[in-house]
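Listed below, chain by chain, are the residues.
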Amino acid sequence: MSSSTVITNIAALVTNDPSLGDHSPLGLVRDAAVVVEGDRVVWTGESSKAPATDNRVDAEGRAVLPGFVDSHSHLLFAGDRTEEFNARMSGRPYSAGGIRTTVAATRAASDAELEASLTRYLAEALRQGTTTFETKSGYGLTTADESRALRVAARHTDEVTFLGAHIVAPELADDPAAYVDLVTGEMLDACAPHARWIDVFCEKGAFDGDQARAILTAGRARGLHPRIHANQLSYGPGVRLAVELDAASADHCTHLTDADVDALANSRTVATLLPGAEFSTRAQWPDARRLIDAGATVALSTDCNPGSSFTSSVPFCIALAVRDMGMTPDEAVWSATAGGAAALRRDDVGRLVPGAYADLTLLDAPSHVHLAYRPGVPLVAGVWRRGVRVV
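Definitions and cut-offs
Residues numbered from 1 in each chain as written. Predicted model: local features only at pLDDT ≥ 70, side-chain atom pairs only at ≥ 80, totals over all residues. Heavy atoms only, no water. Helix = DSSP H or I, 4+ residues; strand = E, 2+ residues; numbered from the N terminus. Rg over C-alpha atoms; globule rule 2.2 N^0.38 Å. Buried < 20%, exposed > 50% of the residue type's maximum accessible area, 1.4 Å probe, protein only. Contact = heavy atoms within 4.5 Å. Lys, Arg positive; Asp, Glu negative; His and termini not counted. Charge placed at Lys NZ, Arg CZ, Asp CG, Glu CD. Pairing = 2+ DSSP bridges. Polar contact = N/O pair within 3.5 Å; in protein donor to acceptor, adjacent residues only side chain to side chain. Expected span 1.5 Å × (residues − 1). Phe/Tyr/Trp six-rings, centres within 6.5 Å; stacked < 30°, edge-to-face > 60°. Lys NZ or Arg CZ within 6 Å of the ring centre and 35° of its normal.

K.L.:
Just checking my understanding: could you explain the overall build of the protein for this structure?
P.N.:
For the protein, the count of helices and strands is 13 helices and 16 strands. The C-alpha atoms of the protein give 21 Å as radius of gyration, which agrees with the globular expectation for 391 residues (21 Å, within 12%). In terms of overall dimensions, the protein has C-alpha extents of about 70 × 45 × 45 Å along its principal axes. The buried share among the 391 residues of the protein stands at 57%. Look at the contacts in the protein between residues 6 or more apart in sequence, and 69% of them connect residues 24 or more apart. Once the 35 positive and 49 negative side-chain charges of the protein are each reduced to a mean point, those two points are 2 Å apart.

K.L.:
Which parts of the structure should I look at to understand the pairing of strand β8 (residues 197–202)?
P.N.:
Burial analysis of β8 places six of its six residues in the buried class, the great majority of the element. Here β8 shows two buried faces, one formed by Trp-197, Asp-199 and Phe-201 and the other by Ile-198, Val-200 and Cys-202. As paired elements, strand β7 (residues 159–165) and β8 share three bridges and run parallel to each other. Looking across to β8, one finds that Thr-161 is bridged to Trp-197.

K.L.:
Before we go on, may I ask you to explain the side chain of Glu-84 in this structure?
P.N.:
Tracing the chain through its elements places Glu-84 in helix α1 (residues 82–89). Residue Glu-84 is classed as buried on the basis of its relative accessible area of 6%. A polar side-chain atom of Glu-84 sits 2.8 Å from a polar atom in the side chain of Arg-81.

K.L.:
Could you clarify how one ought to interpret helix α6 (residues 209–221) in this entry?
P.N.:
In an α-helix, one full turn covers 3.6 residues, which means residues spaced three or four apart are oriented alike. Compared with an ideal rise of 1.5 Å per residue, which puts 13 residues at 18 Å, α6 spans 18 Å between its outermost C-alpha atoms and is within 8% of the ideal. Those residues of α6 that fall on the buried side of the exposure criterion are Gly-209, Ala-212, Ile-215, Leu-216, Ala-218 and Gly-219. Looking at the buried positions of α6, the neighbouring elements they touch are β7, α5 (176–191), β8, β9 (225–226), β10 (228–230) and α7 (238–244). Measuring from the side-chain oxygen of the N-cap residue of α6 to the backbone nitrogen of Asp-210 gives 3.2 Å; that N-cap residue is Asp-208. Following α6 by one or two positions, Gly-223 adopts a phi angle in the positive range, close to 90°.

K.L.:
Help me understand unusual backbone geometry, please; the structure alone is not making it clear to me.
P.N.:
Most peptide bonds take the trans configuration, and most residues that are not glycine carry a negative phi. Here the phi dihedral of His-23 falls at roughly 65°; this positive angle occurs in a residue that is not glycine. Along the polypeptide, His-23 turns up in the loop between β1 (4–13) and β2 (29–37). Phi at Asp-303 takes a positive value of approximately 55°, unusual for a residue other than glycine. Mapping Asp-303 onto the fold places it in the loop between β13 (298–300) and α11 (314–324).

K.L.:
Looking at this structure, how should I read the packing of aromatic side chains?
P.N.:
Two descriptors summarise a pair of aromatic rings, namely the distance from one centre to the other and the angle between the planes of the rings. If you walk through the whole model with that rule in mind, you get six aromatic pairs. For the ring pair Phe-77 and Tyr-139, a centre distance of 6.3 Å and an interplane angle of 75° mean the geometry is edge-to-face. Separated by 62 residues along the polypeptide, Phe-77 in the loop between β5 (68–70) and α1 and Tyr-139 in the loop between β6 (130–136) and α4 (143–154) bring together distant segments of the chain. Each member of the pair, Phe-77 as well as Tyr-139, carries the same accessibility label: buried. Feature note: the residues Phe-77, Tyr-121, Tyr-139 and Phe-310 constitute an aromatic cluster, connected by ring pairs. The cationic tip of Arg-227 hangs over the ring face of Trp-197; the distance from NZ or CZ to the ring centre is 4.4 Å. Of note, Arg-386 hangs over the ring of Tyr-357, and the distance from its end group to the ring centre comes to 3.5 Å.

Listed below in structure tokens is the structure:
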């Protein structure tokens, strides 16, 4: 039988269970404790009522919240795009090749090099409190390179997404229909066994609405559930397509019509906002306030990738969302935990309630509000993943 541990003397515990504590969406419990047995939470509540356990950890008056759920990242790549970023930030024209630069580097990398890069970024994210992450292929764009990326990813997470439809592969740039046929045929056959999700970049210069529908529908027929890069750079059909296909998440959601907002608010599709991308491209911020006030479910994630959002820090994204996207600190923390879980259709992560995985982040601060209040400060003092302290 596994031993039990109580983490006690918690100044503020975010449970994301509104039946607890202050009955807010965060279910905030003051002077709290959490009991962990094996890889699960078995009890949460006030410290004075905690049951007896085998072991005790003193939080010393600090805050505890669920581990962050990063539901959108692109960690299977090689190389970086420093020159492109430098040119963009310097206001100079550039032709660094964008995604194609990363495609060339990724194709040239060995499996071992790809895995070493992935594990480096995962460790970096874990130190910042991320305990659940989704990651995508999309930098191979051949059947062999996409499938090997997914095999590598599947060794490290259950939340693996096939994104063969990131852009049209360079060698088929003049024949996008042929590339869609490849993605929905041979490539999908090779990749489906290694993924849970299928994604497509629905945007001018990538895939239009009809192509995106064909790709996501083909994936769904193979047992992969849809997600979609939608409405990032311009108004388009992505959000409404996501809702039509019951996609778990429409990601970016920067340029939205009232009809888009209404569609999200009246669906199960989560609007996943990725402020690292707007920060790194000096683009228009998504309007989180508009989505939340309409009743849409909002997630916050890093979009960690070498081109447009090279950050693995969810705390940084929380600070951006509060400062520039109209979110309150409570809303941003909820969106980075329970919201991310909703975007993955999970209820066993992103919450600290009996039965959920014991994924916890201990802050060197008395409140979760410090994540936005003290931007850029390394506040994560401890991380437990599946009941084991890993930081």
